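One letter stands for each residue in the lines below.
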Amino acid sequence: MMRRFGDRATFAVEVGRVGSHLLRVVDLWAAGKRLTTEDNWAFLPFFIRVMRSSAAQVRRRDVKPCPFPGRAPEEIFRLLHADETEFREQFWFMRWGETVDNVSMYGYLDDDLVIVFEFWRDDHPFPEDLSKVFVARIPPEEFVATVEEAAHLLDAELANVDPRR
């Protein structure tokens, strides 16, 4: 049974079946698109840590403001993606391992948390999505709550299986 946190139209985490005590199916959604099209098996010790790190980053508002004010999010994505300096690295967002390594993703604050992303693999299961930039806008508090609730569930289940934690 899948348990959803958040809203697929903006940002959601869906926790699914158990693979082993350390692996779990986790699907991530942003802007109505499933980000985990290539690999939705999360290695829980790593995944929980990076989820919580991103939630803490957003809670502290330790996310850079819009790098190019007045420009459309799609254009901002293209400008960041074309930049080959360390500047763009300041905007890398949700670097959550293999589950999202098929997506180029940046985040910034513009009142809401803005997540801009593009699928890049030629074998993406939805070819019509290739070369398109998708934009998710979510209040920072909502992103934090969604991620923390999902991480809490994953952590509780992991602790029940691995009492050494």
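Residues numbered from 1 in each chain as written. Predicted model: local features only at pLDDT ≥ 70, side-chain atom pairs only at ≥ 80, totals over all residues. Heavy atoms only, no water.

A.B. asks: Just checking my understanding: could you explain the pattern of salt bridges for this structure?
C.D. replies: When the charged atoms of two side chains lie near each other, side chains of opposite charge can form a pair. Under the definition given, this model contains 13 salt bridges. For arginine 59, the salt bridge identified is with glutamate 148, shortest N-O distance 1.7 Å. Of the two residues, arginine 59 is situated in helix H1 (residues 44-59) and glutamate 148 in helix H3 (residues 140-161); the sequence distance between them amounts to 89 residues. With a relative accessible area of 30%, glutamate 148 lands in the partly exposed category. The salt bridge partner of glutamate 141 is arginine 61, with a shortest N-O separation of 2.4 Å. Here the residue glutamate 141 occupies a position in helix H3, and arginine 61 occupies one in the loop between H1 and helix H2 (73-82), the gap between them amounting to 80 residues. In the salt-bridge network here, residues are joined through shared partners; they are Arg4, Arg8 and Glu14. (Salt bridge = Lys/Arg side-chain N within 4 Å of Asp/Glu carboxyl O. Helix = DSSP H or I, 4+ residues; strand = E, 2+ residues; numbered from the N terminus. Buried < 20%, exposed > 50% of the residue type's maximum accessible area, 1.4 Å probe, protein only.)

A.B. asks: So what exactly am I meant to see when it comes to the environment of methionine 2 here?
C.D. replies: With respect to the helices, strands and loops of the structure, methionine 2 is situated in the segment before strand S1 (3-7). Sequence spacing of methionine 2 and glutamate 14 is twelve residues, and the spatial spacing of their C-alpha atoms is 6.2 Å. The contacts of methionine 2, once residues within four sequence positions are left out, are Glu14, Val15, Gly16 and Asp27. (Contact = heavy atoms within 4.5 Å.)

A.B. asks: What am I meant to see in the pairing of S1 here?
C.D. replies: Where a strand is regular, its side chains alternate between the two sheet faces. Two strands pair when backbone bridges link them, and S1 and strand S2 (residues 11-18) are joined in this way by five bridges, in the antiparallel orientation. Bridging across to S2, arginine 3 finds its partner in valine 15. Between the end of S1 and the start of S2, which pair antiparallel, lie three residues. (Pairing = 2+ DSSP bridges.)

A.B. asks: Would you mind going over the packing of aromatic side chains with me for this structure?
C.D. replies: The description of an aromatic ring pair uses the distance of the two centres, along with the angle that the planes make with each other. According to the stated counting rule, one finds nine aromatic pairs in the structure shown. Aromatic side chains phenylalanine 77 and tyrosine 106 sit 5.4 Å apart centroid to centroid with 65° between the ring planes, which places their arrangement in the edge-to-face category. Placement of the pair is phenylalanine 77 in helix H2 and tyrosine 106 in strand S6 (residues 103-110), with a sequence separation of 29 residues. Like phenylalanine 77, the residue tyrosine 106 is buried in the burial classification. Lying across the ring of tryptophan 29, arginine 8 places its NZ or CZ 4.0 Å from the centre. (Phe/Tyr/Trp six-rings, centres within 6.5 Å; stacked < 30°, edge-to-face > 60°. Lys NZ or Arg CZ within 6 Å of the ring centre and 35° of its normal.)

A.B. asks: Explain unusual backbone geometry to me, please; I cannot follow it from the model alone.
C.D. replies: The general pattern is negative phi for most residues beyond glycine and trans for most peptide bonds. With a phi close to 50°, methionine 94 is a non-glycine residue in the positive phi region. Here methionine 94 shows up in the loop between H2 and S6. According to the relative accessible area criterion, methionine 94 is buried, its value standing at 3%. We note that aspartate 111 has phi near 65°; this positive angle belongs to a residue other than glycine. Along the chain, aspartate 111 falls in the loop between S6 and strand S7 (112-119).

A.B. asks: What is the right way to look at H2 in this model?
C.D. replies: The α-helix advances 3.6 residues per turn, and as a result positions three or four apart in sequence lie on the same side. Buried residues of H2: Pro73, Ile76, Phe77 and Leu80, and no others. Down the axis of H2, the smallest arc covering the buried residues is 100°, so these residues share one side. Of the surrounding elements, those touching the buried residues of H2 are S6, S7 and strand S8 (134-138). (Arc of directions from axis to C-beta.)

A.B. asks: Explain H1 to me, please; I cannot follow it from the model alone.
C.D. replies: Taking 1.5 Å of rise per residue, 16 residues should cover 22 Å, and H1 covers 22 Å from first to last C-alpha, within 8% of that figure. By the burial criterion, the buried members of H1 are Leu44, Phe47, Ile48, Val50, Met51, Ser54, Ala55, Ala56 and Val58. Where H1 ends, the next residue or the one after it, arginine 61, has phi of about 60°, a positive value. (Expected span 1.5 Å × (residues − 1).)

A.B. asks: Would you explain the nonpolar core in this entry?
C.D. replies: Here is a general trend for soluble globular proteins: nonpolar side chains tend to be buried in one another's company. Ranked by internal contacts, the top residues of the largest apolar core, which has 39 residues, are Phe11, Leu35, Trp96 and Phe143. Among the secondary structure elements, those contributing two or more residues to this core are S2, strand S3 (23-30), H1, S6, S7, S8 and H3. No other element matches H3, which puts eight residues into this core. In contact with leucine 35, other than residues within four places in its own chain, are Leu28, Trp29, Ala30, Met94, Thr99, Val100, Asn102, Val103, Met105, Phe117 and Phe119. Counting ten residues, the second-largest nonpolar core is a separate cluster that includes Cys66, Phe77, Leu80 and Phe91. (Core = buried A, V, L, I, M, F, W, Y, C linked by side-chain atoms within 4.5 Å.)

All we've got here are geometric facts, nothing functional implied.
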